[in-house]
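# Observations on chain architecture
One-letter residues, chain by chain:
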Amino acid sequence: MKKLFFFTAAIICVALNHAQNVATLIHSGEETPFYGSEALVQALSSAVDGDTITLSDGTFTSCDIAKAVTIRGAGADIDNLWEPYAATVLSGTFRIMQPDSTAEKLTIEGIYHDDAIIYTGTLQGCTFSRCRLSSVLSEDGHLVDAQFIQCRIATYFQLNDNSSVTCMNCVLVDPHGESEETSYFNVANCVVLVNNDDIGFLRPGVVQNSILYDPADYHYVNGEVTEFYNNVAFVEGEFRTAVANTSNRVVSGLSAVFRTFTTGTYTDTETFELTSTAQKSYLGTDSTQVGIYGGSYPFVATASGDIEEEDSVLVATLIHSGEETPFYGSEALVQALSSAVDGD
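To start, this report covers the structure provided alongside it. Quick caveat: nothing in here was measured; it's all calculated off a predicted structure.

Procedures and definitions
- Every residue gets a number counted from 1 within its own chain, in the order that chain's sequence is written.
- For this predicted model, a pLDDT threshold of at least 70 governs which residues receive local features, and a threshold of 80 or more governs which side-chain atom pairs are given and counted, while totals over whole chains, interfaces and linings are taken from all residues.
- Note that water and hydrogens are dropped before the side-chain values are worked out from all heavy atoms of the structure.
- Numbering goes from the N terminus for both helices and strands, where a helix is a DSSP run of H or I of at least four residues and a strand is a run of E of at least two.
- The cut-offs for exposure are 20% and 50% of the maximum accessible area for each residue type, with area from a 1.4 Å probe on protein chains only; residues under the lower value are buried, those over the upper are exposed, and the others partly exposed.
- Should any heavy atoms of two residues lie within 4.5 Å, those residues are considered in contact.
- Computed by Shrake-Rupley with a 1.4 Å probe, the accessible areas treat only the displayed protein chains as cover when residues are assessed.
- The directions from the helix axis to the C-beta atoms form the arc being described.
- Note on definitions: salt bridges are taken to be side-chain nitrogens of Lys or Arg within 4 Å of carboxyl oxygens of Asp or Glu.
- Classification of ring pairs rests on two measures: the distance between centres of Phe, Tyr or Trp rings, Trp counted by its six-membered ring, which must be within 6.5 Å, and the angle between planes, read as stacked under 30 degrees, edge-to-face over 60 and tilted in between.
- We count Lys and Arg on the positive side and Asp and Glu on the negative side, and we leave His and both chain ends out.
- In protein, a polar contact means a hydrogen-donor-capable atom and an acceptor-capable atom, both N or O and within 3.5 Å, with residues adjacent in sequence counting only if both atoms are side-chain atoms; elsewhere, any N or O pair within 3.5 Å suffices.

### Focus on the overall build of the protein
Scanning the protein from N- to C-terminus turns up 6 helices and 28 strands. Counting the 344 residues in the protein, one finds 51% classified as buried. Counting only contacts in the protein whose residues sit at least 6 apart along the sequence, the fraction spanning at least 24 positions is 35%. Accessible area of the protein: about 14800 Å², with a carbon and sulfur share of 49%.

Quick look at the structure:
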């Protein structure tokens, strides 16, 4: 009976720790776990340029990032549309203040963020992948050679002057280039939704194999500085007259292209899948379907799989005389029981 009691207690311990937020700092191959909603704050405080921080599912408090680290979450899909897993949620506005002289580059993957990300200074070579972001804003900052891959930006994407960004297989709501000459967008296989009449839209740059929805013709398109190839657009007026390339198609009615996107308004639950007919009719420069499921990086919301989820999330914590010793992975309970004594 005594052994059964301790075994049951150990299982409860594993279950409780699995539900706990875990941020694991990886430095020179050595892993240091931090726990709770402030775990990311603590991990970043201890990190140096080049380190990696993996995050379990759960909600973490955001904090400013001034180091060139890699942050990998469990995924950005809070509605479990693609895979049965929970998301890593960062809560609250945070600033990115990485010096442009840093050799390492900031990478953020697999997170759902519910507030503004504000970049200051010159942020060079950063990568966001498989993230759901609310808005990306500039505070006298410049993005240089930034990449957004398989991301959803749900509210607003501000690109300051002297900036350049590549967006591949993303959903972009209200992208805005501050400068007609130096805010450079390179957009491929994206869905672009324009809802604000103050938005300058994509200028200058190249837009290809994408779907552009602008019901009120709000956007400003300059055919002299923005090149468009093999796009599908739900706009008339300026787009049709400014873009001379005949590879673009202007269509009427969202149902002619999308399987479920009928309102024209972004929601996290929308998949932006094309109808079977549209998948064959509207093709990009590479002969795959336009939009986020075509091209080289067909959209998925899950994390890349590079994170060894068992090692960073499954935790058994042995408590002996007030001292805590964590064990990781599917064998964590076995290892903890092996080290335990009666009364632990």
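### Regarding helix H2 (residues 39–46)
All of the buried residues along H2 are Ala39, Leu40, Ala43 and Leu44. One side of H2 carries all its buried residues, which in axial view fall inside an arc of 125°.

### Re helix H6 (residues 332–339)
Listed in full, the buried residues belonging to H6 are Ala332, Leu333 and Ala336. Around the axis of H6, the buried residues are gathered within 95° of arc, so they sit on the same side. With respect to the buried face of H6, the exposed residues turned more than 90 degrees away are Val334 and Ser338.

### Considering the pattern of salt bridges
Counted according to the given criterion, the structure contains 4 salt bridges. One salt bridge in this structure joins Arg132 and Asp268, with 2.9 Å as the shortest N-O distance. Of the two residues, Arg132 sits in strand S13 (residues 132–138) while Asp268 sits in the loop between strand S26 (249–250) and helix H4 (276–281), which places them 136 residues apart along the sequence. The residues Arg132 and Asp268 share a single accessibility class, namely buried.

### Describing the packing of aromatic side chains
All told, the structure shown has 9 aromatic pairs when counted by the stated rule. Between Phe157 and Phe185, the aromatic rings sit 5.9 Å apart at their centres with planes inclined by 85°, giving edge-to-face as the arrangement. Note that Phe157 is positioned in strand S16 (residues 152–159) and Phe185 in strand S20 (residues 183–188), a separation of 28 residues in sequence. The exposure classification of Phe157 matches that of Phe185, with both residues buried. Ring centres of Phe258 and Phe272 lie 6.2 Å apart, and the angle between their planes is 75°; on these two criteria the pair is classed as edge-to-face. Taken together, the residues Phe258 in the loop between S26 and H4 and Phe272 in the loop between S26 and H4 connect sequence positions 14 residues apart. We note that Phe258, like Phe272, is buried. Ring pairs connect the aromatic residues Tyr213, Phe258, Phe261, Tyr266 and Phe272, which therefore count as one cluster.

### Regarding unusual backbone geometry
Within the chain, Asn162 stands out as a residue other than glycine whose phi angle is a positive 50°. For Asn169, which is not glycine, the phi torsion reads 55° and is therefore positive.

### Some remarks on the side chain of Asp51
Checked against the element boundaries, Asp51 lands in the loop between H2 and strand S3 (52–55). Among buried charged residues, Asp51 stands out as having no salt bridge; its nearest opposite-charge side chain is Lys67, 7.5 Å away. Here the side chain of Asp51 touches His27 through a polar contact of 2.7 Å, side chain to side chain. A polar contact is formed between the side chain of Asp51 and the backbone nitrogen of Val48, at a distance of 3.0 Å. Setting aside chain neighbours within four positions, we find Asp51 in contact with Leu25, Ile26, His27, Val69 and Thr70.

No statement about biological role is implied by the geometric values presented.
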